[in-house]
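A closer look at the structure
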Amino acid sequence: MSTILIVDDEPDTLVVLDWLLCAEGFDVQTAAEGAQAWATFQDRHPDLVITDYMMPRMDGLELARRIRASAGPRVPIILASAAAKLPPPDAGEYDVAIRKPIDFTALVDAIKQLLASPPAR
């Protein structure tokens, strides 16, 4: 069973994604902000991270940079955002961007694809 860390400052988003991904058979950890997520990442070593882009204090991109510096590309990162413009994924900070509101089917497809394929970098 793969472990997924979900990071979002919107409690409703955390609850819904936690419930839906658990129903898909994933072990889910949640964090309400970037610093908490970073501590959870270091302690739990998840297989994949889904992080909101726009969060107070530590945004999703900073969290992704820390994860990449620590774990390299072996941990896939999905950036979820309602922002109109995101840095391109080829900058290496994340693997896939998902627009909010999240299409759950597209999210699960992206998760399965990322977990099934070895890191490209």
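About the thresholds
Residues numbered from 1 in each chain as written. Predicted model: local features only at pLDDT ≥ 70, side-chain atom pairs only at ≥ 80, totals over all residues. Heavy atoms only, no water. Phe/Tyr/Trp six-rings, centres within 6.5 Å; stacked < 30°, edge-to-face > 60°. Helix = DSSP H or I, 4+ residues; strand = E, 2+ residues; numbered from the N terminus. Buried < 20%, exposed > 50% of the residue type's maximum accessible area, 1.4 Å probe, protein only. Core = buried A, V, L, I, M, F, W, Y, C linked by side-chain atoms within 4.5 Å. Pairing = 2+ DSSP bridges. Axes fitted to C-alpha atoms, helices over the stretch in contact; angles between N-to-C directions. Polar contact = N/O pair within 3.5 Å; in protein donor to acceptor, adjacent residues only side chain to side chain. Contact = heavy atoms within 4.5 Å. Salt bridge = Lys/Arg side-chain N within 4 Å of Asp/Glu carboxyl O.

**Description of the packing of aromatic side chains**
For the structure on display, the rule yields one aromatic pair. Geometrically, the ring pair formed by W38 and F41 is stacked, given 5.9 Å between the ring centres and 10 degrees between the ring planes. Within this pair, W38 and its partner F41 are both found in helix 2 (residues 34–44), separated by three residues, close to a single helical turn. Residues W38 and F41 agree in their burial class; the two are buried.

**Describing the nonpolar core**
Within the largest apolar cluster, 21 residues are counted, with the highest numbers of intra-cluster contacts made by L5, V7, F41, V49, L63 and I67. Among the elements that line this core, the one with the most residues is helix 3 (residues 60–71), at five residues.

**Focus: the sheet that holds strand 2 (residues 27–31)**
Ordered in space as 2-1-3-4-5, the five strands form an open sheet in which the pairing is parallel. Every other strand in the sheet has two partners, leaving strand 2 and strand 5 (96–99) as the edge strands with one partner each. Strand-to-strand twist of the sheet, defined as the mean angle between neighbouring strand axes without regard to direction, takes the value 20 degrees. Across four bridges, strand 1 (residues 3–7) lies against strand 3 (residues 48–52) in parallel orientation.

**Some words on the side chain of D8**
Assignment of secondary structure puts D8 in the loop between strand 1 and helix 1 (11–23). D8 gets classed as buried once you look at its relative accessible area, which sits at 3%. A distance of 2.8 Å separates a polar side-chain atom of D8 from the backbone nitrogen of E10. Excluding its chain neighbours within four sequence positions, the residues that come into contact with D8 are T13, L14, A31, A32, D52, M55 and K100.

**Describing the pattern of salt bridges**
What the rule picks out here adds up to eight salt bridges. With its nearest N and O atoms 3.2 Å apart, the salt bridge here joins E62 to R66. Here the residue E62 and the residue R66 both occupy positions in helix 3, the gap between them amounting to four residues, near one helical turn. Connected through salt bridges with shared partners, the residues E62, R65, R66 and E93 form a single ionic network.

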